[in-house]
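Structural overview
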Protein chains: 2
Amino acid sequence: MESFNIAILGCGTVGGGVARILLDMKEDLSARSSVNINLYKIVELCPKNASERFNLPMNLFCGNGKDLTKEEAKKFIFEIIKSDKIDLVVETIGGSDDFIFDIVVGICKSKKHLVTANKALLAEKGKDIFAAAEENDVNVGFEAAVCAAIPIIRTLKESFSGDSIVSISGIMNGTSNYILSKMQDENLDFKDALKLAQEGGYAEADPTLDINGYDAGHKLVILIKLAFGLDLTIDQLSVKGIENIDKEDIDFANEINSKIKLICYAKRIDSKIFATISPMMVKKNNFLSEVNGATNAVRIVNKYSGRHILLGKGAGSFETASSIVADIVFIARYSEKMQNSYWKSDFDFIDAKHFIFPYIITFETIDIPGITGLITTSVGQQNINIDTVSHNRHNKDKAVFSVATMPTTLKQINDAIMEIKNSKPEVLLSQPKIIPILY
Amino acid sequence: MESFNIAILGCGTVGGGVARILLDMKEDLSARSSVNINLYKIVELCPKNASERFNLPMNLFCGNGKDLTKEEAKKFIFEIIKSDKIDLVVETIGGSDDFIFDIVVGICKSKKHLVTANKALLAEKGKDIFAAAEENDVNVGFEAAVCAAIPIIRTLKESFSGDSIVSISGIMNGTSNYILSKMQDENLDFKDALKLAQEGGYAEADPTLDINGYDAGHKLVILIKLAFGLDLTIDQLSVKGIENIDKEDIDFANEINSKIKLICYAKRIDSKIFATISPMMVKKNNFLSEVNGATNAVRIVNKYSGRHILLGKGAGSFETASSIVADIVFIARYSEKMQNSYWKSDFDFIDAKHFIFPYIITFETIDIPGITGLITTSVGQQNINIDTVSHNRHNKDKAVFSVATMPTTLKQINDAIMEIKNSKPEVLLSQPKIIPILY
């Protein structure tokens, strides 16, 4: 059997898992790919830790197991890139700076396949990376970059190829879903739930990217590329995180038979694509409302085959590693027949402001008679159809109430708010909170 | 671009959907497969109906649109099998008799790829069909044979290739799930729920195979082959349907925070595979308990990547057809690199009797003091650990109560029941109902 030699760059939580699976399952993986899957070399700054944690033999590490300086590691990485013994390189270093970009492009240019879980890099610089791969006739595997263990990439590319994707919605960040679940189940406020997530290992010391929606946004950018053939950057998307969700929002969601979830959403309407990342009120008949804790889930609606849900672990060492290994097996078997330029399209991207959605608008106002009339009148004047108005949640000397709208645009809502501010500047005590409703 | 010519045998609900998608999406499908996907010919007894229903041009039909006798259809089928213009044949005739077996083997022997949704045929004669395909270096696509739109086949083969499958459990028959959901939600008994299913088009006039578990069993046989490399026939499996589930079972399930679902279950324990199809008490924290109506869902637990759930439409014209078209695209692109002999194994199959599971045993007894003691003592004597004993659901002059066991074997339970029957023949008014609990 022909050999298929693999190098791993970075042997931390994910890279170490990949190495372990490649050794444990060598025989099965070779049978499944019809080549001899062979872990050839690992570059890692601290081989001792990695070796102990994942029980890896020292001779696999460049430098024979001694700790490396960054310069030494760089030298080994470029040796691997140049080597004619290596068929595929796994990049599990992370980051999206020029250093890592040059490495992955270098891998492609030296005619080696690339497998990576680096969502930030692909979301920011994917276009150039895929172009380099295509020019050099190699493949890029990135199943692990979106929702770790959930095989959403291969499902979109190889299983939904007999269909046309209408929409994607999903819970793609485990940290924020864990926090929202804790707020819901244990009646905690945001800060306490975040603390709990950090103590339990569900959130990083610096949780910014998880909480502000950007981690989820990177994943959505990659899925939009695959599902709709559209090259976007995250700056083109409307991204809202969960920082401003409070107990009152959670309570009100319960009242209207919903749960608040951080949702990645993309939908095709004719030749236009709309996409957003935002906390949404997910109605209980939508499966995503039942997805709790650190679990991820993706809901896809197709033209012919209707609604699909994929649910699984969105993070973790071996969970992410197993998707990387599946990419290795797929590339080892099929690379000659794979294409990098997936589903091309002539779709246009449209701004979130112009997309039609039902919304919950929560107003915090002074507590005097006439307010409900004033606000609902202003909302109606913007041609927004009101579905329901919640009871007034009096809060000390404030009135808090929510308006559920029929499908409308953010632009209309913003115009209505502006109108209220202009006509009675004293009424609104804070900027109204606007949360889409997902049925 | 090279042409890839397709013939469809049988243009009913599914075959007609395939034809429609192939025409509608020709350009996209060709781009995705890098060959010119071309619907070449259709064999159908009543082309007029099919043409009207799916808006298909008459010249696609063998015989130019006139109704065919069975003999004429057979002649056209064998012309297609012999033709050197056809690359792939879609079999959507159905049935598992020699007639259809000879056709599919004939397709393989004449070096044409085969795509089929025929679960009964594959479950009963798959071994010979795959052998014929392997000998002749062609591929068999059967994504549509298991849970229609859910891409479980390709997920097992191509996405979980970096992992080792521990267990599969699923709701794989929409009809029985629809009936159970109706019994649950509308407090109907089995007969009324079945009638409703038939009226709503969710059950056939003869619903036997859906209700008795054999349709689901065929799917499980195919999944076991893929996941564990084991060739079984359905006769080797313990198959129980939902015919004997009554309102009381549904009520008791509710009481213990469960829902009754018809579950296909297969699990690997070391080198042994256990499998069964049975109604189970699915605990509410298991996602399968939330899958209602005609929806299908499969839950897979992997060694490295943990728990996965795939949910989607388990039946329907275009739902099934889209999976067939995905197989066509996959084969058109990758056939030269595909293997038919998937994951081989040396696993042994073990009988359901010897597998360890927690169970609910429901006893219908005479209503006198001392019964609970008698029964729980007999159960204990077989080394069965009792978890809980339900309150006594007095029913006219009978006592009905349930014992929830810790994990045990069916053999131990049957021995306990035998012991009760032997020592006090008058106590049990009917054969106790034994339902596994799925956590």
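Residues numbered from 1 in each chain as written. Chains lettered and ligands numbered in written order. Predicted model: local features only at pLDDT ≥ 70, side-chain atom pairs only at ≥ 80, totals over all residues.

**So, the overall build of chain A**
- Looking only at helices and strands, chain A has 15 helices and 18 strands in total.
- By the compact-globule yardstick of 22 Å for 439 residues, chain A fits well, its C-alpha radius of gyration being 24 Å.
- Each principal axis of the C-alpha distribution contributes one length, and for chain A these read about 80 × 45 × 35 Å.
- Within chain A, counting contacts between residues at least 6 apart in sequence, those at least 24 apart form 73% of the total. (Helix = DSSP H or I, 4+ residues; strand = E, 2+ residues; numbered from the N terminus. Rg over C-alpha atoms; globule rule 2.2 N^0.38 Å. Contact = placed C-beta atoms within 7 Å.)

**Topic: the environment of B:Cys62**
Residue and element names in this part refer to chain B.
- Mapped onto the secondary structure, Cys 62 falls in the loop between helix H3 (47-54) and helix H4 (70-82).
- Remark: the alpha-carbon pair of Cys 62 and Ile 80, spanning 18 residues in sequence, is separated by 9.7 Å.
- Those residues in contact with Cys 62 that lie beyond four places of it in its chain are Lys 41, Ile 42, Val 43 and Phe 76.

**Brief notes about the environment of A:Ile8**
Residue and element names in this part refer to chain A.
- Following the sequence through the fold, Ile 8 ends up in strand E1 (residues 3-9).
- With 30 C-beta atoms counted inside 10 Å, the residue Ile 8 sits in the buried group.
- Remark: the alpha-carbon pair of Ile 8 and Ile 437, spanning 429 residues in sequence, is separated by 43 Å.
- Apart from the residues within four sequence positions on either side, Ile 8 is in contact with Gly 15, Val 18, Ala 19, Ile 42, Val 90 and Thr 92. (Buried ≥ 20, exposed ≤ 12 C-beta atoms within 10 Å, placed from the backbone.)

**Here we look at the interface of chain B and chain A**
- Across the contact, 47 residues belong to chain B and 47 residues belong to chain A.
- When residues of the side of chain B that touches chain A are traced back to their parent elements, those giving at least two are helix H2 (26-33), helix H7 (152-159), strand E11 (306-313) and helix H13 (317-334) of chain B.
- Among the residues forming the side of chain B that touches chain A, the class breakdown is 21 nonpolar, 14 polar and 12 charged. (Nonpolar A, V, L, I, M, F, W, Y, C, P; charged D, E, K, R; others polar.)

**Concerning the relation of the copies chain B and chain A**
- Mapping chain B onto chain A calls for a screw motion: a turn of 180° about the axis and a shift of 0.0 Å along it, with 0.0 Å RMSD after fitting. In short, the pair behaves as if placed about a two-fold rotation axis. The rotation axis passes nearest to the C-alpha of B:Leu310 in chain B, at a distance of 2.4 Å. (Least-squares fit on C-alpha atoms with pLDDT ≥ 70 in both.)

**Brief notes about the sheet that holds strand E1 (residues 3-9) of chain B**
All names here are of chain B.
- The 5 strands lie next to each other as E2-E1-E3-E4-E5, forming an open sheet whose pairing is parallel. The outermost strands of the open sheet, each flanked by one partner alone, are strand E2 (36-43) and strand E5 (140-141).
- Bridge count for E1 against E2 is 7 bridges, and the pairing is parallel. Looking across to E2, one finds that Phe 4 is bridged to Ile 37.
- Along the sheet face, helix H1 (residues 13-24) touches E1, E2 and strand E3 (88-91) and points at about 145° away from the line of E2. (Pairing = 2+ DSSP bridges. Axes fitted to C-alpha atoms, helices over the stretch in contact; angles between N-to-C directions.)

**Re the packing of helix H6 (residues 119-135) of chain A against helix H11 (residues 214-228) of chain A**
Residues and elements named next belong to chain A.
- Between H6 and H11, the shortest axis-to-axis distance is 8 Å and the interhelical angle comes to 55°. Here H11 runs oblique to H6, going by the angle between their axes. Between H6 and H11 the crossing geometry is left-handed. Here H6 contributes Lys 119, Ala 120, Leu 122, Ala 123 and Gly 126 to the contact with H11, which in turn contributes His 218, Lys 219, Val 221, Ile 222 and Lys 225.
- Of the residues in the contact of H6 with H11, the class split is 5 nonpolar, 2 polar and 3 charged. (Parallel < 35°, antiparallel > 145°, perpendicular 65-115°, else oblique. Left-handed = near helix turned anticlockwise from the far one by under 90°.)

**Remarks on the domain arrangement of chain A**
Residues and elements named next belong to chain A.
- Here the domain parsing of chain A yields domain 1 (3-148 + 318-337), domain 2 (152-313) and domain 3 (355-438).
- When each unit is reduced to the centre of its C-alpha atoms, the spacing between domain 1 and domain 2 is 28 Å.
- Contact residues are listed per partner, giving 14 residues for domain 1 and 16 residues for domain 2. (Domains from an automatic or database assignment.)

**As for the sheet that holds E1(A)**
Residues and elements named next belong to chain A.
- An order of E2-E1-E3-E4-E5 is seen for the 5 strands of this open sheet, with the pairing classed as parallel. The sheet is open, and its two borders are formed by strand E2 (36-43) and strand E5 (140-141), each paired with just one other strand.
- In terms of strand pairing, E1 meets strand E3 (residues 88-91) through 4 bridges, oriented parallel. Bridge pairing in E3 places Leu 9 opposite Glu 91.
- Sheet strands in contact with helix H2 (residues 26-33) are E1 and E2, and its direction is about 120° off that of E2.
- Sheet strands in contact with helix H13 (residues 317-334) are E1, E2, E3, strand E4 (113-116) and E5, and its direction is about 160° off that of E4.

**Observations regarding the pairing of strand E4 (residues 113-116) of chain B**
All names here are of chain B.
- Where burial is concerned, the two faces of E4 agree: the one with His 113 and Val 115 and the one with Leu 114 and Thr 116 are both buried.
- The sheet contact formed by E3 and E4 spans 4 bridges and is parallel. Across the sheet, the residue bridging to Leu 88 is His 113, located in E4.
- Taken together, E3, helix H5 (residues 98-109) and E4 constitute a β-α-β crossover, and its handedness is right-handed. (Right-handed = clockwise from strand over helix to strand, strands pointing away.)

**Focus on helix H15 (residues 410-423) of chain A**
Residue and element names in this part refer to chain A.
- With 14 residues, H15 should reach 20 Å at 1.5 Å per residue; the first-to-last C-alpha distance of 20 Å fits that figure.
- Among all positions in H15, only Ile 413, Ala 416, Ile 417 and Ile 420 are buried. For H15, the angular spread of buried residues about the axis comes to 95°, placing them on one side. Facing away from the buried side of H15 by more than 90 degrees, the exposed set consists of Met 418, Asn 422 and Ser 423. (Expected span 1.5 Å × (residues − 1). Arc of directions from axis to C-beta.)

**Side note on the nonpolar core**
- Within the largest apolar cluster, 296 residues are counted, with the highest numbers of intra-cluster contacts made by A:Leu220, A:Ile224, B:Leu220 and B:Ile224.
- In this structure B:Leu220 touches B:Met172, B:Leu237, B:Cys264, B:Ala266, B:Ala275 and B:Ile277, once residues within four positions along its chain are discounted. (Core = buried A, V, L, I, M, F, W, Y, C linked by C-beta atoms within 7 Å.)

**Quick notes on helix H9 (residues 190-199) of chain B**
Residues and elements named next belong to chain B.
- Among all positions of H9, only Phe 190, Ala 193, Leu 194 and Ala 197 are buried. End-on view of H9: buried residues confined to an arc of 100°, all on one side of the axis. For H9, the exposed residues set more than 90 degrees away from the buried face come down to Lys 191 and Glu 199.
- Of the surrounding elements, those touching the buried residues of H9 are helix H8 (174-186).

**Here we look at the confidence of the model for chain A**
- Per-residue confidence for chain A gives a mean pLDDT of 94; residues scoring 70 or more make up 99%.
- Scored by ipTM, the complex comes to 0.94, with pTM at 0.95. (pLDDT = per-residue confidence, 0-100.)

**Considering the packing of helix H8 (residues 174-186) of chain A against helix H9 (residues 190-199) of chain A**
Residue and element names in this part refer to chain A.
- Packing of H8 against H9 leaves a shortest axis separation of 9 Å and a crossing angle of 125°. Overall, the two elements H8 and H9 adopt an arrangement that is oblique. For the pair H8 and H9, the crossing hand works out as right-handed. Contact residues: Thr 175, Tyr 178, Ile 179, Lys 182 and Met 183 in H8; Phe 190, Ala 193, Leu 194, Leu 196 and Ala 197 in H9.
- Along the lines of polarity and charge, the residues of the contact of H8 with H9 split into 8 nonpolar, 1 polar and 1 charged.

**What to know about unusual backbone geometry**
- Positive phi is not limited to glycine here, since A:Asn187 has a value of about 55°.
- Within the element layout of this structure, A:Asn187 appears in the loop between H8 and H9.
- Even without glycine at this site, B:Asn383 takes up a positive phi of about 65°.
- Looking at the secondary structure, you find B:Asn383 in the loop between helix H14 (371-381) and strand E15 (386-389).
- Here B:Asn383 falls in the exposed class, since 11 other C-beta atoms lie within 10 Å of it.

**Concerning the environment of A:Thr362**
Residues and elements named next belong to chain A.
- For Thr 362, the position within the fold is in strand E14 (residues 359-366).
- The class for Thr 362 is buried, based on 20 C-beta atoms found within 10 Å.
- Here Thr 362 is in contact with Val 400, Ser 402, Pro 432 and Lys 433, once residues within four sequence places are set aside.

**Topic: the pairing of strand E6 (residues 165-171) of chain B**
Residue and element names in this part refer to chain B.
- Across the 7 residues that make up E6, a large majority, 5, are buried.
- Summarising the sheet, E6 and strand E8 (residues 258-269) pair through 4 bridges and their orientation is antiparallel. The residue bridging Gly 170 from the neighbouring strand is Cys 264, located in E8.

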